[in-house]
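Structural description and commentary
Here is how the chains run, residue by residue.
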Amino acid sequence: MFPKPSPKLSPNTYAYESQPMVKPTGFREYDARWLIGTEINLMGVQALGLGLARLLGELGVPREVVVGHDFRSYSASIKLALTAGLMAGGARVRDIGLAITPMAYFAQFALDAPAVAMVTASHNENGWTGVKMGAARPVTFGPEEMGRLRDIVIGGDYGSEPGGTYEFIADFPARYLADLTRRPKISRPMKVVAACGNGTAGAFAPKLLSALGVEVVPLDCDLDFAFPRYNPNPEDLQMLHAMAKAVKESGADVALGFDGDGDRCGFVDNEGHEIFADKIGVMLARDLSKLHPNAIFVVDVKSTGLFATDPELAGNGVKVDFWKTGHSHIKRRVRDLKALAGFEKSGHFFFNAPVGRGYDDGFVTAIAVLDMLDRNPRKSIADLYRDLPKTWGSPTMSPHCADEAKYDVADRVVARFKAMQAKGERLTGQKIRDVVTVNGVRVTVEDGSWGLVRASSNKPELVIVVESPVSEARMREMFKAVDRVLRENPEVGAYNQSI
């Protein structure tokens with residue numbers, strides 16, 4: 001019997017090399033994330049594979065699993081340990097090798113595999129590892145499955161099963177790229193910056209864009225798991241600033257930035273403006289709803305209020321559903337509502353047919369933006385941005401808060417804003433008009449300015465976003481007001497970035 005995991009072991013000890021270690025908090029709301037070495041070891045990853053094989057059996061899903069890994073110094077080792085556990089649990093493993101996460105999702109369809117387990121730390125800093133899992137394509141695990149998987153693994157409630165096999169699928173990335181480029185080329189002449197932050201997408205994004213018929217300006221596309229310039233995260237200002245500089249130097253029509261595992265996309269326009277992904281979502285919703293009137297779009301609670309107030313969307317009969325942040329949450333909601341698309345401020349975009357297959361894919365998102373520009377040949381992306389009603393929004397800001405404390409802190413902040421509303425207290429000098437608690441709290445005052453606080457689902461952090469339809473000054477006032485409430489909780493630390 002494979003040993004039951006311990007929550008903490010000391011490296012460079014006999015116990016560390018002979019027992020599995022798995023910290024329970026690594027099982028997040030919709031995927032798994034750990035610091036390798038201090039929160040999970042290789043035997044712990046084997047236990048995860050055993051547990052996943054057991055869960056698939058409980059779910060009544062055939063134990064046939066696509067695995068892949070991102071470009072980190074340790075990801076291949078993690079994947080092999082996971083594969084060993086899956087095979088010991090009776091799973092047939094189909095390994096697509098080095099890949100971006102959407103390749104693994106695509107492989108579920110292309111290889112007719114029921115389940116997926118993609119080893120990736122996404123945009124997290126080096127030292128992190130994780131697994132994105134699913135067993136009902138195109139969706140991935142949510143809190144219920146992740147909670148059950150945690151209980152199986154932490155409880156050691158797994159065992160060996162017969163039937164485990166392994167198959168390596170050669171040249172699978174070429175198959176994925178062929179699927180995306182089996183379409184007419186972009187007809188409008190375009191120069192595109194492909195920004196990859198030296199992450200996994202760098203091996204594939206320039207090939208994809210060139211095959212679509214655009215001129216490519218590579219930016220940090222050489223694979224380097226040290227991430228020498230910045231973390232491959234197009235929601236971080238450092239990467240967006242580099243993209244803006246590249247646009248200005250090259251005269252590009254747009255910059256497309258991909259995160260570490262290629263399932264997100266970020267944007268800079270032809271004038272060097274850094275456009276947050278939620279505003280790109282409004283632009284895409286406007287464009288797609290002309291082709292598909294009365295379309296439904298799912299939007300995460302971090303996103304701009306324009307989805308609810310934009311007159312053009314209303315004129316096209318668009319229905320907007322604000323939902324919980326998180327790739328698994330939005331994917332499921334898009335599926336359940338049969339929505340045309342779902343948008344997250346983080347850059348996870350989800351397109352149903354005829355645009356995509358329902359899962360988040362940064363490359364499909366990039367194609368959708370290029371198609372939007374192709375359909376609007378007289379307008380630049382800066383023109384389309386100017387066509388939107390003006391709002392002032394912040395980047396996503398994340399103060400440190402330990403995994404063990406962050407949900408309690410978020411609950412306290414929710415309760416605080418609800419109490420303020422009930423007592424008629426003012427926020428930024430105005431009455432509180434609305435308090436939405438579908439995912440953390442989004443508090444809105446009379447002039448439409450709002451602030452959001454929620455617990456991060458994949459790191460020891462809180463997540464803060466503010467926006468105002470009035471002015472930048474009002475946005476900053478809202479941030480100060482939200483931050484004052486946050487600072488009532490001593491567990492809240494410094495921000496990763498701020499306004």
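Being a predicted model, the structure only gives us computed values, none of them experimental. In this convention, every chain numbers its residues from 1, walking through the sequence in written order. Given that this is a predicted model, residues contribute local features only at a pLDDT of at least 70 and side-chain atom pairs are listed and counted only at 80 or more, while totals for whole chains, interfaces and linings are drawn from all residues. For the side-chain quantities, the full set of heavy atoms in the structure was used; hydrogens and water were omitted.

What follows deals with the overall build of the protein chain. Put simply, DSSP marks the helices as runs of H or I at least four residues long and the strands as runs of E at least two long, and each gets a number from the N terminus on. Of the regular secondary structure elements, the protein chain holds 16 helices and 21 strands. For 499 residues, the compact-globule estimate of 2.2 N^0.38 gives 23 Å, and the C-alpha radius of gyration of the protein chain, at 22 Å, lies within 12% of that figure. Along the three orthogonal principal directions, the C-alpha set of the protein chain runs to about 65 × 60 × 40 Å. Across the 499 residues in the protein chain, those meeting the buried criterion constitute 62%. Each accessible area is a Shrake-Rupley result for a 1.4 Å probe, and residues are judged covered by the shown protein chains and nothing else. Surface accessibility of the protein chain: about 18100 Å² in total, with carbon and sulfur atoms responsible for 52%. The convention is simple: Lys and Arg are positive, Asp and Glu are negative, and His and the chain ends are not counted. We put the charge of a Lys on NZ, of an Arg on CZ, of an Asp on CG and of a Glu on CD. Taking the average location of the 60 positive side-chain charges in the protein chain and that of its 61 negative ones, the two points are 3 Å from each other. Using C-alpha atoms as the atom set, the radius of gyration is obtained and then compared with a globule rule of 2.2 Å times the number of residues to the power 0.38. Between buried and exposed lies partly exposed: a residue is buried under 20% and exposed over 50% of the maximum accessible area for its type, with that area taken using a 1.4 Å probe on protein chains only.

Classification of ring pairs rests on two measures: the distance between centres of Phe, Tyr or Trp rings, Trp counted by its six-membered ring, which must be within 6.5 Å, and the angle between planes, read as stacked under 30 degrees, edge-to-face over 60 and tilted in between. Inspection of the entire model under this criterion finds 16 aromatic pairs. Considering the side-chain rings of Phe267 and Phe349, the 6.1 Å spacing of their centres and the 25° angle between planes classify their relative orientation as stacked. Linking Phe267 in strand 10 (residues 265-269) with Phe349 in strand 15 (residues 349-351), this pair joins segments that are 82 residues apart in sequence. An aromatic cluster is built from Phe267, Phe297, Phe307, Phe343, Phe349 and Phe351, whose rings are joined through pairwise contacts. Placement of a charge over a ring requires the Lys NZ or Arg CZ to be within 6 Å of the ring centre, with the centre-to-atom vector within 35 degrees of the ring normal. Between Arg333 and the ring centre of Trp323, over which it is positioned, the NZ or CZ distance is 3.8 Å. Between the NZ or CZ atom of Arg357 and the centre of the ring of Phe109, over which it lies, the distance is 6.0 Å.

Here we take up unusual backbone geometry. In this structure, Pro138 follows Arg137 across a cis peptide bond, with omega equal to 10°. Inspection of the secondary structure puts Pro138 in the loop between strand 5 (128-134) and helix 5 (143-154). The residue after Ala353, namely Pro354, is reached through a cis peptide bond having omega 10°. Relative to the assigned elements, Pro354 resides in the loop between strand 15 and helix 13 (362-375).

Turning our eyes to something else, we now look at the pattern of salt bridges. Think of a salt bridge as a Lys or Arg side-chain nitrogen and an Asp or Glu carboxyl oxygen that are within 4 Å of each other. Enumeration over the complete set of coordinates arrives at 46 salt bridges. Between Asp321 and Arg333 there is a salt bridge, with its nearest N and O atoms 2.8 Å apart. In this pair, Asp321 is assigned in strand 13 (residues 319-323) and Arg333 in helix 12 (residues 327-337), connecting sequence segments twelve residues apart. Under the relative-accessibility criterion, Asp321 is labelled buried at 17%.

On to the sheet that holds strand 12 (residues 296-300), then. With mixed pairing, the four strands of this open sheet are ordered in space as 13-12-14-15. The open sheet has two edge strands, strand 13 and strand 15, and neither has a second partner. Each adjacent strand pair in this sheet contributes to an overall mean axis angle of 15°, direction not counted. Here three bridges tie strand 12 to strand 14 (residues 341-343), and the two strands are oriented parallel to one another. Each bridged residue has a counterpart across the sheet, and for Val298 the counterpart in strand 14 is Gly342. Sheet strands touched by helix 9 (residues 277-291): strand 12, strand 14 and strand 15. Its angle to strand 15, the strand with the most contacts, is close to 20°. A pair of strands is considered paired only if DSSP assigns at least 2 bridges between the two. Working convention: axes come from line fits to C-alpha atoms, limited for helices to the stretch in contact. Angles between N-to-C directions cover 0 to 180 degrees. We call two residues in contact when some of their heavy atoms are within 4.5 Å.

All buried positions along helix 12 are accounted for by His327, Ser328, His329, Ile330, Lys331 and Val334. Positive backbone phi, approximately 50°, marks Lys338, located one or two places after helix 12.

Read from one edge to the other, the open sheet built from five strands follows the order 8-7-9-10-11, with strand pairing classed as mixed. Edge positions in the sheet fall to strand 8 (215-219) and strand 11 (274-275), since each of these pairs with one other strand and no more. Here two bridges tie strand 10 to strand 11, and the two strands are oriented antiparallel to one another. When the bridges of strand 11 are listed, Val268 appears paired with Glu274.

Now for the nonpolar core. Residues belong to one nonpolar core when they are buried, are Ala, Val, Leu, Ile, Met, Phe, Trp, Tyr or Cys, and are joined through side-chain atoms within 4.5 Å. In terms of nonpolar packing, the biggest core is built from 70 residues, with Ile96 and Phe363 touching the most fellow members. With nine residues, the single largest contributor to this core is helix 13. Counting 35 residues, the second-largest nonpolar core is a separate cluster that includes Val22, Leu56, Val119 and Ile152.

With that out of the way, let us pick up the side chain of Glu145. Structurally, Glu145 can be placed in helix 5. In this structure Glu145 comes out as buried when scored by relative accessible area, which is 16%. A polar contact is formed between the side chain of Glu145 and the side chain of Arg332, at a distance of 2.7 Å. Pairs of N or O atoms are called polar contacts if they sit within 3.5 Å, as long as, within protein, a hydrogen donor faces a hydrogen acceptor (for residues adjacent in sequence, only side-chain-to-side-chain pairs).

Attention now moves to empty space enclosed by the protein. Using a grid of 1 Å spacing that covers the protein atoms alone, one calls a set of points a cavity when a 1.4 Å probe fits there but cannot get out, and a pocket when the set is open and has protein on both sides within 12 Å along at least five of seven lines; lining residues are those with an atom within 4 Å of a point. Grid points are joined across faces, edges and corners, and a volume is the space filled by probe spheres set on the points. Tallied over the entire structure, the rule returns one cavity of 30 Å³ or more. Quantified by volume, the largest cavity comes out at close to 80 Å³. If you tally residues by element for the lining of the largest cavity, the top one is strand 10, at three residues. Ten residues, namely Ala, Val, Leu, Ile, Met, Phe, Trp, Tyr, Cys and Pro, are considered nonpolar, four, namely Asp, Glu, Lys and Arg, are considered charged, and the remaining ones, Gly among them, are considered polar. Of the residues belonging to the lining of the largest cavity, the class tally is seven nonpolar, three polar and two charged.

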